[in-house]
Protein chains: 2
Amino acid sequence: MMSLAALVAARDAGKATPDLMVALCRDAIAREDGAVKAFAHVAEDPVITSSGPLAGIAIGVKDIFDSFDQPTAYGSLAYAAHQPAVDAAIIDMARRRGATIIGKTATTEFAFFHPAETVNPHNPAHTPGGSSSGSAAAIAAGMIPAAIGTQTGGSVVRPASFCGVAGYKPSFRLLPATGMKHFAPSLDTVGLFAASVSDVALLAELLTGRDLSAASVDPAKIRIGLYRCSELETADPEMRDALDRAADNAAEAGFDVGEIAEPEAMAQARQAHSIIQDHEAGLVCGPDLARFRDQMSPRLIEAIERGQAIAPATYDEARRHAKRGRAAARLLFGEVDILLTPSAPGAAPSGLETTGDPRFNKLWTLMGTPALNIPGFTAANGLPLGIQAVARFGQDKALLSTAARLETLF
Amino acid sequence: MMSLAALVAARDAGKATPDLMVALCRDAIAREDGAVKAFAHVAEDPVITSSGPLAGIAIGVKDIFDSFDQPTAYGSLAYAAHQPAVDAAIIDMARRRGATIIGKTATTEFAFFHPAETVNPHNPAHTPGGSSSGSAAAIAAGMIPAAIGTQTGGSVVRPASFCGVAGYKPSFRLLPATGMKHFAPSLDTVGLFAASVSDVALLAELLTGRDLSAASVDPAKIRIGLYRCSELETADPEMRDALDRAADNAAEAGFDVGEIAEPEAMAQARQAHSIIQDHEAGLVCGPDLARFRDQMSPRLIEAIERGQAIAPATYDEARRHAKRGRAAARLLFGEVDILLTPSAPGAAPSGLETTGDPRFNKLWTLMGTPALNIPGFTAANGLPLGIQAVARFGQDKALLSTAARLETLF
């Protein structure tokens, strides 16, 4: 697949019509998706618009977002025939800017852990990650140039890492979440996928009308910190090696690179993530459990019931830990501009029963800070290894710009 | 209608069964609602539960919350026949604690300003306020002991004031909003109605399992501030007089009462409310506009389009003002425990074309602080005048306890 930037340039130069651009994606889906299974649904006769910054751009949308013209199953048997009346806000935003919603991409059940059928395009015996499994795999397989997903624990950055694409979790609430199937509303964050960091930055700009495209950076003015969290020693050796090489390459390119210890308040906040997620899931998925228990996986039922058993006072205490963690993060980003940390413990695990572990992502979802997978490294078995970059809340453009430069060095 | 506390006591003493308690409410609705029009839908055969802290308590729920067993129209022609698959989280929470969802209460269109048919039970020529019109009116007319509503500008506190009941807007996110028809997600706050402050506190406790019921307070240890915002001089003279009497009565009862000037950052935050509300409405109601324009009121269409025209940078600037306002509010609540301010500019306006003005409420919705209407004063025309009490974020129990005491003094 051509890059998003190349497609936009071809369109603007009159070399490719929106119709042709969407047809290319439909052909690629017809050719590739039988094996990858990235799509839960492909639009039969998608609307193609000739105006707008995203005209001709085919976007795959994780199937936990409502769409009025395509079924919306939330990865769940209970919603197999569900047809919402209106689009989610992010889909409407994309359409208003000219995009074609080419299909709904596969997700784990309710964007939790029970996997979809999607495989990793780099090796079908391995998971693509989750929960935005289909969005990441569809990009990696070259079927589409742009996709939308969500992250509550690590569901954008982790599948992007496993599939070797760029996955961008913006600052909390930068993209609207209304019309998504919520799991934990104070964590659920809408994110974007594209083949490269510069492409995902361009996508963010064209989709939102915000100044987010990657700009040139002066490495000497940017302080990069290798984030020494306690989880680091639990990462695979080849992931730790990739992180070290990322730091070395950045230093060679002139960035100001150092090590940053994890503040105690942030380590404590990481522990609070699960309590917050579970309690909120107990509230917001409780109505589904009441109606559709017999169509839910045991793992999802267990999670919702675990959440319902968490006392409000325990939840409140976890939220206070999160608040203190955010205050510590603000201080930390006075010392450093960009943090680097693994996107996942290692490359995609083999087997399709698990979608991998979000242990390197949960903290940043809870902090609300922008985070992004920079693809570029490769494990011995040929699978991708991604490096996660994180910046201060609201510093999305700085993150995207620096990460786009780092990507060229990996 | 008996108070919520009396109903619960009668039930616990074996003097009233849940069946009887719900039947009393159904009778009251059959008798009163033809004139008041508080209900958008009354359940034909509502589920009555014999266990749980809310067993036998009939709750009316604002019809912007999804319910699987009752139609859910969001006050909108476009959704006249809408039937969601599952309950909103707050409805499921109520059912799990034994409540009976006796019906859906009337709301303005999408909880914005286009009014429902509901009238003020104190005088049918006057508005009940909005947007939680039916919830406030159903309580005021004695049809039910408890109701659920929402506030994005002033839609809990204002109708409670106009109808002479207690309306409680909790700290932001204390009650779950998932499954409501959102208008501006960072402002949309779920709230509660009951006949008195002590009843609404009991409702909050029984519904959530949190320690929220009104406790006895020591007036000498509680600093009450009369909030001298610039809007105060725009209030009706009889509302200003009611506020002065409220302060005098509190001082006589031994509370430490003084005046508090409005910090500049909070005055600026108030101005930011409309930009935040409009921009978010443009995003989250954009999908409805795209599909259902011809079934929407001109005023709603205009609001959504106005929101869509607000640039992201303008919205971000408004959010920064809100953030600075919240920091100022935290400092303010170091000097004072409870603020008193009008719940509305005056008593309910005559006519049903308008639901009144939220100018005294918007700031507190944006701040995320708990706020509550204390009923008790009366205008010359016999309509209620409410006093709004506000406390620091998270200090919901202190607010409810102090307000319950103040209510006995008004």
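Counting starts from 1 at the beginning of each chain's written sequence and moves along it residue by residue. Each chain takes a letter, starting from A, and each ligand takes a number, starting from 1, following the order in which they are written. Local features are withheld for residues below a pLDDT of 70 in this predicted model, meaning they are given only at 70 or higher, and side-chain atom pairs are given and counted only at 80 or more; totals for whole chains, interfaces and linings count all residues. The side-chain numbers reported here are obtained from all heavy atoms of the structure, hydrogens and water having been left aside.

Comments concerning the overall build of chain A
Each helix is a run of H or I in the DSSP string that is no shorter than four residues. Each strand is a run of E no shorter than two, and both are numbered from the N terminus. Scanning chain A from N- to C-terminus turns up 13 helices and eleven strands. In this setup the radius of gyration rests on C-alpha atoms only. A globule is expected at 2.2 Å times the number of residues raised to 0.38. In terms of overall dimensions, chain A is globule-like: its C-alpha atoms have a radius of gyration of 20 Å, near the 22 Å expected for 410 residues. Seen through its principal axes, chain A has C-alpha atoms that stretch 55 × 55 × 40 Å. Counting every position in chain A, which comprises 410 residues, the buried fraction comes to 63%. Surface accessibility follows the Shrake-Rupley procedure with a 1.4 Å probe radius. Residue values consider only the protein chains on display as shielding. Accessible area of chain A: about 13,800 Å², with a carbon and sulfur share of 51%. Accessibility here uses a 1.4 Å probe with only protein chains present; expressed as a share of the type maximum, an area under 20% marks a residue as buried, one over 50% as exposed, and anything in between as partly exposed.

Brief notes about the interface of chain B and chain A
Any pair of residues with heavy atoms lying within 4.5 Å of one another is described as a contacting pair. Taken together, the 35 residues of chain B in the interface contact 35 residues of chain A. Contact between chain B and chain A buries roughly 2,800 Å² in total, counting both sides, with carbon and sulfur atoms accounting for 56%. Computed with a 1.4 Å rolling probe, the buried area is the accessible surface lost when two parts are put together, summed over both parts. Sorting the residues of chain B by area buried against chain A places R173(B), R210(B) and L283(B) first, and these three jointly supply 20% of that buried surface. Within this document, salt bridges are pairs made up of a side-chain nitrogen of Lys or Arg and a carboxyl oxygen of Asp or Glu, the two lying within 4 Å of each other. Counting the contacts that link chain B with chain A gives two salt bridges.

Some thoughts on the nonpolar core
Membership of the largest hydrophobic core comes to 238 residues, with the highest contact counts inside it found for I59(A), F65(A), I90(A), I59(B), F65(B) and I90(B). If sequence neighbours within four positions are ignored, I90(A) has contacts with F65(A), I148(A), L175(A), P176(A), V190(A) and L207(A). Joining through side-chain atoms within 4.5 Å is the link that ties buried Ala, Val, Leu, Ile, Met, Phe, Trp, Tyr and Cys residues into a set, and such a set is a nonpolar core.

So, the sheet that holds strand β4 (residues 146–151) of chain B
Residue and element names in this part refer to chain B. Two strands are counted as paired when DSSP detects at least two bridges linking them. The strand order β1-β3-β2-β4-β6-β5-β10-β11-β9-β7-β8 describes an open sheet built from eleven strands, whose pairing is mixed. Only two strands of the sheet have a single partner each, and these edge strands are β1 (39–42) and β8 (256–261). The sheet shows a mean angle of 30 degrees between the axes of neighbouring strands, taken without regard to direction. In this structure, strand β10 (residues 371–378) lies alongside strand β11 (residues 384–391), joined through six bridges in antiparallel fashion. Note that in β11 the partner of I374 across the bridge is I387. Whenever a helix is involved, its axis is fitted only over the stretch in contact; in every case the axis is a line through C-alpha atoms, and angles between N-to-C directions fall within 0 to 180 degrees.

Overview of the relation of the copies chain B and chain A
Once chain B is rotated about the relating axis by 180 degrees and shifted along it by 0.0 Å, it coincides with chain A to within an RMSD of 0.0 Å. The two molecules are tied by a two-fold rotation axis, judged by turn and shift. Taken as a fraction of all interface residues of chain B, those also at the interface in chain A reach 100%, which identifies the copy contact as same-surface. Alignment of copies: least-squares fit on C-alpha atoms of residues with pLDDT of at least 70 in both copies.

Looking at the UniProt feature "domain: Amidase" (unreviewed entry) in chain A
UniProt positions are given in the numbering used here, feature names are shortened, and annotations may be inferred rather than shown by experiment. Under the UniProt annotation, the feature "domain: Amidase" (unreviewed entry) is placed at residues 49–400 of chain A. Annotated as residues 49–400 of chain A, this span is 36% helix and 17% strand, and its ends, taken at the C-alpha atoms, are 28 Å apart.

Quick word on the domain arrangement of chain A
Residue and element names in this part refer to chain A. Taken as a whole, chain A is organised into domain 1 (4–208), domain 2 (220–262 + 333–370 + 385–407) and domain 3 (266–317). Just so you know, the domain bounds were taken from an automatic or database domain assignment. Centre-to-centre separation of domain 1 and domain 2, based on C-alpha positions: 24 Å. Contact with domain 1, which involves 34 residues of that partner, is made by 35 residues of domain 2. Between domain 1 and domain 2 the total buried area reaches about 2,500 Å² when both faces are included, carbon and sulfur atoms providing 62% of it. At the junction of domain 1 and domain 2, the tally comes to zero salt bridges. Throughout this description, a polar contact denotes any pair of N or O atoms lying within 3.5 Å of each other; where both atoms belong to protein, one of them has to be capable of donating a hydrogen while the other can accept it, and for residues adjacent in sequence the pair is counted only when both atoms sit in side chains. Seen at the junction of domain 1 and domain 2, the total is 19 residue pairs in polar contact (both at pLDDT 80 or more). Of all elements in the fold, only α5 (157–163), β5 (166–169) and α6 (197–208) reach the threshold of two or more residues within the side of domain 1 that touches domain 2. Note on residue categories: nonpolar means Ala, Val, Leu, Ile, Met, Phe, Trp, Tyr, Cys or Pro, charged means Asp, Glu, Lys or Arg, and polar means any other residue, Gly included. Broken down by class, the residue content of the side of domain 1 that touches domain 2 amounts to 16 nonpolar, 16 polar and two charged.

Things to note about the state of the cysteines
Two cysteine sulfur atoms form a disulfide, by the criterion used here, when they sit within 2.5 Å. Under the defined criterion, the tally for this structure stands at zero disulfides over all chains. C25(A) takes part in no disulfide bond, and the closest cysteine sulfur to it belongs to C163(A), at a distance of 17 Å.

Observations regarding helix α4 (residues 133–140) of chain A
Residue and element names in this part refer to chain A. Counted residue by residue, α4 has seven buried out of eight residues, so it is predominantly covered. Considered for burial, the residues of α4 that qualify are S133, G134, S135, A136, A137, A138 and I139. Two residues or fewer past α4, G142 is found with a positive phi of approximately 75 degrees.

Describing the environment of I387(A)
Residues and elements named next belong to chain A. Looking at the element boundaries, I387 is found in strand β11 (residues 384–391). On a C-alpha basis, the gap between I387 and A246 in space is 7.7 Å, while along the polypeptide they are 141 residues apart. In this structure, I387 is in contact with M239, A242, L243, A246, L340, T341, S343, L372, N373, I374, F377 and F410, ignoring residues within four places of it in sequence.

Describing the packing of aromatic side chains
Pairing of aromatic rings covers Phe, Tyr and the six-membered ring of Trp, with a centre-to-centre limit of 6.5 Å; geometry is then stacked below 30 degrees between planes, edge-to-face above 60, and tilted otherwise. By the definition in use, this model includes 14 aromatic pairs over all chains. Judged by centre distance (4.8 Å) and plane angle (55 degrees), the ring pair of Y74(A) and Y79(A) falls under tilted. Grouping residues by exposure puts Y74(A) and Y79(A) together as buried. Ring centres of Y79(A) and F110(A) lie 6.1 Å apart, and the angle between their planes is 55 degrees; on these two criteria the pair is classed as tilted. Residue Y79(A) is located in the loop between β2 (58–62) and α3 (89–96), and its partner F110(A) is located in the loop between β3 (100–105) and α4; the two are separated by 31 residues in the primary sequence. The class of Y79(A) is buried, set by a relative accessible area of 5%. Grouped by ring-pair contacts, the aromatic residues Y74(A), Y79(A), F110(A) and F292(A) constitute a single cluster. Here the basic side chain of K181(B) rests over the ring of F110(B), its NZ or CZ set 4.7 Å away from the ring centre. Think of it as a cone above the ring: NZ of Lys or CZ of Arg counts as a charge over the ring if it is within 6 Å of the ring centre and within 35 degrees of the ring normal.

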